[in-house]
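# Coordinate inspection notes
Now for the letters of each chain:
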Amino acid sequence: METRTLIRIVVAFVCIGGTILGLENTYGDNTEVKALAQKTACGSPDCSINVLRESRSAFSQAFSFQTTLAEKGKHEQSASVDVECKRKQFLIGDYECVVTSGGLPNAPSAAAP
């Protein structure tokens, strides 16, 4: 087999594999990613969350939440939080979420286990 033919076959498989991974990231089930994003946005069991916006691409997922923290004997705190989740490697690996803007005071970031 010629070297050029082998290179073409390898490139074709890499392109097809990348496309499949990108489609899975964009259209696959994102329940776990959404839960991780909510945990990142709030970080407290006393926090309630409403999803304002959700967007997905092959490389990342972005969420906007309205968070409300109700503590006993204190006034409710409310804030809008933007969270972006990306895979640790280019198209594979666990998701890692970070707050990109907003948030409740002292809300810690979370990463996938």
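Here the structure is a predicted model, which means the values were calculated and not measured.

### Structural notes on the state of the cysteines
Summed over the entire model, instances satisfying the criterion amount to two disulfides. With a sulfur-sulfur separation of 1.5 Å, Cys42 is cross-linked through a disulfide to Cys47. Taking the sign of the S-S torsion, about 130 degrees here, the bridge from Cys42 to Cys47 comes out right-handed. Overall, Cys42 belongs to the buried group, its relative accessible area being 6%. Each disulfide in the protein chain links cysteines that, numbered along the sequence, combine into the pattern 1-2, 3-4.

### Quick word on the side chain of Asn30
With respect to the secondary-structure elements, Asn30 resides in the loop between α1 (3-27) and α2 (31-42). Excluding residues that lie within four positions of it along the chain, Asn30 makes contacts with Glu54, Arg56, Gln61 and Phe63.

### A few points about the nonpolar core
Core analysis: the biggest nonpolar cluster contains 11 residues, these being Val33, Leu36, Ala37, Ala41, Phe63, Phe65, Val81, Val83, Cys85, Tyr95 and Cys97. Those elements giving two or more residues to this core turn out to be α2, β2 (60-69), β3 (77-87) and β4 (95-102). Here this core takes four residues from α2, the largest share from any one element. The residues touching Ala37, leaving out its near neighbours within four places in the chain, are Phe63, Phe65, Val83, Cys85 and Cys97.

### Some thoughts on the pairing of β2
Counting buried residues in β2 gives nine out of 10 residues, a clear majority hidden from the surface. Both strand β1 (residues 47-56) and β2 contribute to a ladder of nine bridges, which runs antiparallel. Paired with Ser48 across the bridge in β2 is Thr68. A loop of three residues connects β1 with β2, the two strands running antiparallel in sequence. Direction of pairing for β2 relative to β3: antiparallel, over a ladder of 10 bridges. Of the residues in β3, the one forming a bridge with Gln61 is Cys85.

### Thoughts on α1
In a regular helix each residue adds 1.5 Å, so 25 residues correspond to 36 Å; α1 covers 36 Å between its end C-alpha atoms and thus fits that length. Among the residues making up α1, those that are buried are Gly22, Asn25 and Thr26. Those residues of α1 hidden inside the fold are in contact with β1, β2, β3 and β4.

Procedures and definitions
- Residues numbered from 1 in each chain as written.
- Predicted model: local features only at pLDDT ≥ 70, side-chain atom pairs only at ≥ 80, totals over all residues.
- Heavy atoms only, no water.
- Disulfide = S-S within 2.5 Å.
- Buried < 20%, exposed > 50% of the residue type's maximum accessible area, 1.4 Å probe, protein only.
- Helix = DSSP H or I, 4+ residues; strand = E, 2+ residues; numbered from the N terminus.
- Contact = heavy atoms within 4.5 Å.
- Core = buried A, V, L, I, M, F, W, Y, C linked by side-chain atoms within 4.5 Å.
- Pairing = 2+ DSSP bridges.
- Expected span 1.5 Å × (residues − 1).

Distances and angles like these do not, on their own, reveal function.
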